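Here is how the chains run, residue by residue.
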Amino acid sequence: MSSTSQPSLREQQHPLICQLADTIEAVWHQHLDLSTYHLPAELGYVEGRLEGEKLIIENRCYQTPQFRKMHLELARVGNMLDILHCVMFPRTEYDIPMFGCDLVGGRGQISAAIADLSPVNLERKLPAGYNSQLTQLNPINFSQPRELPEWGNIFSDFCLFIRPSSVEEESLFLGRVKEFLEIHCSQAVSSSPVTSEKEAVIIAGQKNYCTKQQQNDKTRRVLEKAFGQEWADNYMTTVLFDLPH
C-alpha cells in the first residue's frame, strides 16, 4: 500500500531509516522482477506493548526469480527505539550471498548500522564477480567502527558495522548500502543456476546463516517481552530467519 493512502511507519522513524527503506525498495524495483511474497496475514502488521510503550512492526516481503524472499521490516517502540531490518534470501539454486542490513536508533541517534553481503559457500568466499566489484569501491573510514558479535563469523570481509557519528557519516553509510544492493542485484540477475551438488552446499550455508542470526539475543528478548516466548520463537523462525526447504 502506498504511503499516500496510509501513513507509513517509516515516516515517523529516524530520517536515516526512512531514507534507507526508500532506497532499498527503489533499487529492488529498478533492478528486479518483483512479485509479492505472502506472509501470514497476522504478521504483516503487528502491534504490542513493551515496558508500557506501544510496539509496532511493519513487514514488507517480495520475491523474484533469483530470491525466494526479500524481507524489509520496520519497528518502533514508543519514541524510544527505531529499527530497520532487511534480508534478501536467495533461491538455493543460485550461488549468491545473503544481503543483510540493520539500523537501530533511539532518541534521534543511530547507535548501530550494519550491512553485508555474506557468503554461503564452504570457502566462506564471495563469488568472483562480487569480490571484484566490491574491491573497487572507494574505501570509507568511519570514525566509530563497532565489533561484530561472537556469532559474526558469517559475515564477509566487506561487512560494515558502525555507529554513525554525524549526518555526513549517515549519508556515507546510506550510499555504501545502495552500492552493495546495486552490485547484488546486477550479479544476481546475471547468475546461472548451479548443480544439485553445489545447491546442497548452498542450502547448508543458508541454514548456518539463519541459525547464527537466530542467536541474536537482543532481538529475541524484545520480542519475548512484548509477545511471549512462543510468539517470539515463531516470528524468529518463520519471518526473520526462516530456513530454506
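Basis of the calculations
- Residues numbered from 1 in each chain as written.
- Predicted model: local features only at pLDDT ≥ 70, side-chain atom pairs only at ≥ 80, totals over all residues.
- Heavy atoms only, no water.
- Helix = DSSP H or I, 4+ residues; strand = E, 2+ residues; numbered from the N terminus.
- Rg over C-alpha atoms; globule rule 2.2 N^0.38 Å.
- Contact = heavy atoms within 4.5 Å.
- Areas by Shrake-Rupley, 256 points an atom, 1.4 Å probe, with all protein chains shown as cover.
- Lys, Arg positive; Asp, Glu negative; His and termini not counted.
- Charge placed at Lys NZ, Arg CZ, Asp CG, Glu CD.
- Core = buried A, V, L, I, M, F, W, Y, C linked by side-chain atoms within 4.5 Å.
- Buried < 20%, exposed > 50% of the residue type's maximum accessible area, 1.4 Å probe, protein only.
- Phe/Tyr/Trp six-rings, centres within 6.5 Å; stacked < 30°, edge-to-face > 60°.

1. Section: the overall build of the protein
Move 1: Helices and strands together make up the secondary structure of the protein, namely six helices and eight strands.
Move 2: When the helices and strands of the protein are read in sequence order from the N terminus, they spell out α-β-β-β-β-β-β-β-α-β-α-α-α-α.
Move 3: Relative to the 2.2 N^0.38 estimate, which gives 18 Å for 245 residues, the radius of gyration of the protein is 17 Å and therefore close to what a compact globule would have.
Move 4: By sequence separation, contacts in the protein at least 24 residues apart represent 64% of the contacts at least 6 residues apart.
Move 5: Just so you have it, the protein exposes about 11900 Å², and 49% of that area is on carbon and sulfur atoms.
Move 6: Computing the positive centroid from 22 side-chain charges and the negative centroid from 31, the protein places the two 3 Å apart.

2. Description of the nonpolar core
Move 1: Core analysis: the largest hydrophobic core is formed by 42 residues, its most contacted members being L20, W28, L84, M88, F99, L103 and F173.
Move 2: With eight residues, the single largest contributor to this core is helix α3 (residues 167-190).
Move 3: Contacts of F99, omitting those with residues within four sequence positions, involve C86, V87, M88, D116, L117, V177, F180, L181 and H184.
Move 4: Residues F89, M98, Y209 and C210 belong to the second largest nonpolar core, which totals 31 residues.

3. So, unusual backbone geometry
Move 1: Of note in this structure, E51 is not a glycine but carries a positive phi near 50°.
Move 2: Among the secondary structure elements, E51 is positioned in the loop between β2 (45-50) and β3 (53-63).
Move 3: The phi dihedral of R107 falls on the positive side, at around 50°, and the residue is not glycine.
Move 4: Turning to its location among the elements, R107 is positioned in the loop between β6 (98-106) and β7 (109-118).

4. Quick look at the packing of aromatic side chains
Move 1: On inspection of all chains with the given rule, the structure shows four aromatic pairs.
Move 2: Where W28 meets Y62, the ring centres are 5.8 Å apart and the plane angle is 75°; that geometry is what we call edge-to-face. Residue W28 is located in helix α1 (residues 15-31), and its partner Y62 is located in strand β3; the two are separated by 34 residues in the primary sequence. With respect to burial, W28 and Y62 carry one shared label: buried.
Move 3: Pairing W231 with Y235 gives two aromatic rings, centres 4.9 Å apart and planes at 10°, and the pair type is stacked. Placement of both W231 and Y235 in helix α6 (residues 229-240) is noted, with a separation of four residues, approximately one turn of the helix.
Move 4: The buried category is assigned to Y235, whose relative accessible area is 0%.

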